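Architecture and fold: a report
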Amino acid sequence: MRPMFFRRSGLLLGCGLLLLVSACGGGGSKKSSGDKAPTKLHYVPSAAATSSTWRLVADPATNDSSTLKLVLLGPSGAKVQGVTLFLRCEAGRAAWVQPTGATEYALHGTALDLSSGGSDASVKLFKTRLGSATDLQVGAYQKAGTATLGTDPVFTVSLRLASGATKGAVTLSVPSGKRPVLLDENGQEQDLSVVVGTLTAE
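Residues numbered from 1 in each chain as written. Predicted model: local features only at pLDDT ≥ 70, side-chain atom pairs only at ≥ 80, totals over all residues. Heavy atoms only, no water.

1. A few points about the pairing of strand β3 (residues 67-73)
The condition that has to hold: Here the term buried applies to any residue with accessible area under 20% of the maximum for its type, exposed to any over 50%, and partly exposed to those in between, with areas from a 1.4 Å probe on protein chains only. Going along the chain from the N terminus, every DSSP run of H or I of four or more residues is numbered as a helix, and every run of E of two or more is numbered as a strand. Here the rule is simple: two strands pair whenever DSSP picks up at least two bridges between them.
Counting buried positions along β3 yields 5 of 7 residues, so the element is predominantly enclosed. Two strands pair when backbone bridges link them, and strand β2 (residues 54-58) and β3 are joined in this way by 4 bridges, in the antiparallel orientation. By the bridge assignment for β3, Leu56 is matched with Leu72.

2. Some points on the side chain of Thr53
Convention followed: Here, residues are in contact when the closest pair of their heavy atoms is within 4.5 Å.
Residue placement: Thr53 occurs in the loop between β1 (41-44) and β2. Dropping the residues within four chain positions of it, Thr53 is found in contact with Ala48, Leu73, Gly74, Pro75 and Val195.

3. Points about the nonpolar core
Under the convention used in this document: Here, the term nonpolar core denotes a set of buried Ala, Val, Leu, Ile, Met, Phe, Trp, Tyr and Cys residues that are joined through side-chain atoms within 4.5 Å.
Trp54 and Phe155 are the most contacted members of the largest nonpolar core, which has 41 residues in total. Looking at this core, the elements that each hand over two or more residues are β1, β2, β3, β4 (79-89), β5 (94-97), β8 (135-141), β10 (155-161) and β16 (198-201). Tallying contributions element by element places β4 first for this core, with 5 residues. When sequence neighbours within four positions are dropped, the list of residues in contact with Phe155 reads Leu70, Val71, Leu72, Val83, Leu85, Leu107, His108, Gly109, Phe126, Val138 and Ala140.

4. Some remarks on the pairing of strand β13 (residues 181-184)
Because side chains alternate across β13, one face comprises the buried residues Val181 and Leu183, and the other comprises Leu182 and Asp184, equally buried. By the bridge criterion, 4 bridges tie β4 to β13 in an arrangement that is antiparallel. Pairing of Val80 across the sheet is with Asp184, part of β13. Relative to strand β14 (residues 189-191), β13 is paired through 3 bridges, and the arrangement is antiparallel. Directly across from Leu182, in β14, lies its bridge partner Gln190. Between the end of β13 and the start of β14, which pair antiparallel, lie 4 residues, with Gly187 showing a positive phi angle near 80°.

In structure tokens form, the structure reads like this:
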């Protein structure tokens, strides 16, 4: 038979371990709902985005999904021959991907006639360049004539929620040091200012 001292010591030790496990929440702890990884990207257009501005708007069918499409629209009634735009998203939170049906990292819209004019109508002056997963350049130009902008998209780009991203605001901007431009109706290069909204991972 074990001496009373050891029996009592064992009882105290067992109680101590029980209290320690209880304080730690048992064998494991569940994450709170706030710790869950984001599942979608949500875009809100800027209040400054109007029909008289160059602006990025979300495709409603893809807003609040893991792959978001953003559409470039121009000022209603503006006459242009083409544009070049630079965009940057936050590394580790989102990445540029090819939109569905595109062979480039953008899908051309119907605001510009990319195939008219020139000796080879099959050649389109539409090109993208992905400098990294975060930096995207898109150029879209007519070979002849001038387009009058309305509600038709100039082009569409796509962002995908990055694996391992955390919830919160995702930086989306026109990077400093880059000069977006448009070609006006006279074929003159002009600065292009695009209104960008806010992006969050939720």
